[in-house]
Amino acid sequence: MTTAQDATSDPGPGSAPDRAPDRAPDHAPDPVADGWDDEAAASYDTPGQGMFAPELLDATVDRLAQLADGGRALELAIGTGRVAVPLARRGVPVAGIDYSPAMVARLRAKLDHGTLPVVVGDMTSVRVPGPFSLVYVVYNSLSNLLTQDAQVACFRNAAAHLAPGGRFVVELWVPELRALPPGKGATVFGTAPGYLGVDTYDCLDQQVVSHHVWFGDEHAQPARQARIGTSRHRYVWPAELDLMGQLAGFTLESRHADWSGAPFTAESPSHVSVYRLVR
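Everything in this summary refers to the structure shown in the same document. (Residues numbered from 1 in each chain as written. Predicted model: local features only at pLDDT ≥ 70, side-chain atom pairs only at ≥ 80, totals over all residues. Heavy atoms only, no water.)

## As for the sheet that holds strand 5 (residues 162–173)
Spatial strand order, 3-2-1-4-5-11-10: seven strands in an open sheet with mixed pairing. Where the open sheet ends on each side, the last strands, each with one partner, are strand 3 (118–120) and strand 10 (250–256). If you compare each strand with its neighbour and ignore which way they point, the axes differ by 20° on average. Note: strand 1 (residues 73–76) against strand 2 (residues 94–98), four bridges, orientation parallel. Each bridged residue has a counterpart across the sheet, and for L76 the counterpart in strand 2 is I97. Across the face of the sheet, helix 2 (residues 54–68) comes into contact with strand 4 (132–137), strand 5, strand 10 and strand 11 (270–277) while running at roughly 150° to strand 4. Sitting on the sheet, helix 4 (residues 101–108) touches strand 2 and strand 3, and the angle it makes with strand 3 is about 160°. (Pairing = 2+ DSSP bridges. Helix = DSSP H or I, 4+ residues; strand = E, 2+ residues; numbered from the N terminus. Axes fitted to C-alpha atoms, helices over the stretch in contact; angles between N-to-C directions. Contact = heavy atoms within 4.5 Å.)

## Some thoughts on the pairing of strand 4
Across the six residues that make up strand 4, a large majority, five, are buried. One ladder, built from three bridges, connects strand 1 with strand 4; its direction is parallel. In the strand pairing of strand 4, E75 is matched with Y136. By the bridge criterion, five bridges tie strand 4 to strand 5 in an arrangement that is parallel. What sits directly across from L134, in strand 5, is R167. With respect to chirality, the unit in which strand 4 leads through helix 5 (residues 148–161) into the neighbouring parallel strand 5 is right-handed. (Buried < 20%, exposed > 50% of the residue type's maximum accessible area, 1.4 Å probe, protein only. Right-handed = clockwise from strand over helix to strand, strands pointing away.)

## Details of the sheet that holds strand 6 (residues 186–192)
Taking strand neighbours across the sheet as the criterion, the four strands line up as 6-7-8-9 in an open arrangement whose pairing is antiparallel. At either end of the open sheet lies a strand with only one pairing partner, and these are strand 6 and strand 9 (226–234). Strand-to-strand, the axes of this sheet are offset by a mean angle of 15°, without reference to chain direction. Note: strand 7 (residues 195–202) against strand 8 (residues 207–215), eight bridges, orientation antiparallel. Residue pairing for strand 8: Y201 is matched across the bridge by V208.

## Some details on the side chain of S254
As for its position among the elements, S254 is in strand 10. Residues in contact with S254, not counting those within four places in the same chain, are R63, V272, S273 and V274.

## Here we look at helix 2
The terminal C-alpha atoms of helix 2, which comprises 15 residues, lie 21 Å apart, in line with the 21 Å expected from a rise of 1.5 Å per residue. The complete set of buried residues in helix 2 reads L57, A59, T60, V61, L64, L67 and A68. The inward-facing, buried residues of helix 2 abut helix 3 (84–89), strand 4, strand 5 and strand 11. Following helix 2 by one or two positions, D69 adopts a phi angle in the positive range, close to 55°. (Expected span 1.5 Å × (residues − 1).)

## Description of the packing of helix 5 against helix 6 (residues 238–247)
For the pair helix 5 and helix 6, the least separation of the axes is 8 Å and the interaxial angle reads 50°. When the axis of helix 5 is compared with that of helix 6, the two are oblique. Relative to helix 6, the crossing made by helix 5 is right-handed. Here Q148, Q151, V152, F155 and R156 of helix 5 lie close against helix 6, whose contacting residues are E240, L241, M244, G245 and L247. Of the residues in the contact of helix 5 with helix 6, the class split is five nonpolar, three polar and two charged. (Parallel < 35°, antiparallel > 145°, perpendicular 65-115°, else oblique. Left-handed = near helix turned anticlockwise from the far one by under 90°. Nonpolar A, V, L, I, M, F, W, Y, C, P; charged D, E, K, R; others polar.)

In structure tokens, the structure reads:
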């Protein structure tokens, strides 16, 4: 997803969570303010299209099931269960963390807590009883953490959940700074009938705001009106990501351009990086 997250207490590996499942702590970040409210949750799932396309989802689940290697998996920013639900139905025991109650409510319509337990809270620090053989965060969700410190904390929290030799998988886009016109701070990343997507960049602080504009009959918008959504991100270069991994006790095991194992090159727009816990 796609869910943003940010900080809570640390009860230690393997211990019970310090709050009830499916319930946000009082001091958690505000998912409504960050855009992950009931309206966003209601429109998030697009069965058979986009990130829900069978060819993408099948490849993702195939690879994660292989990496779980018969053990348990933990998804950070689990959202509505786009990946976790089919992975659980594949027979992999899955748990999750997400800070948006609205997104988790959508997941609950698919699988109950006994089948797929979720803790509502911050993926940089909330703990789920473990250990796990695999922790994963997909579809650019790591970039929803808006500081380097928070992203490093996420790596460390992943490490704290893993058994020795466990894996942490990160799917992330490669910053498109080469697409920025000289002296400009924005790029168009998507166009379609009734849709325009624009990214605005703050290159000093590695911040991106994605602006989504829906208009016209395709999205039931009246003439001269549009629906606008935004999401905030901190972009990360692969080399910086590898250093975060080292700080948390990981080594890079593999990096590919997609879930099917295509080679990662200088032209790849995204990557799937697998880190192995070495301590």
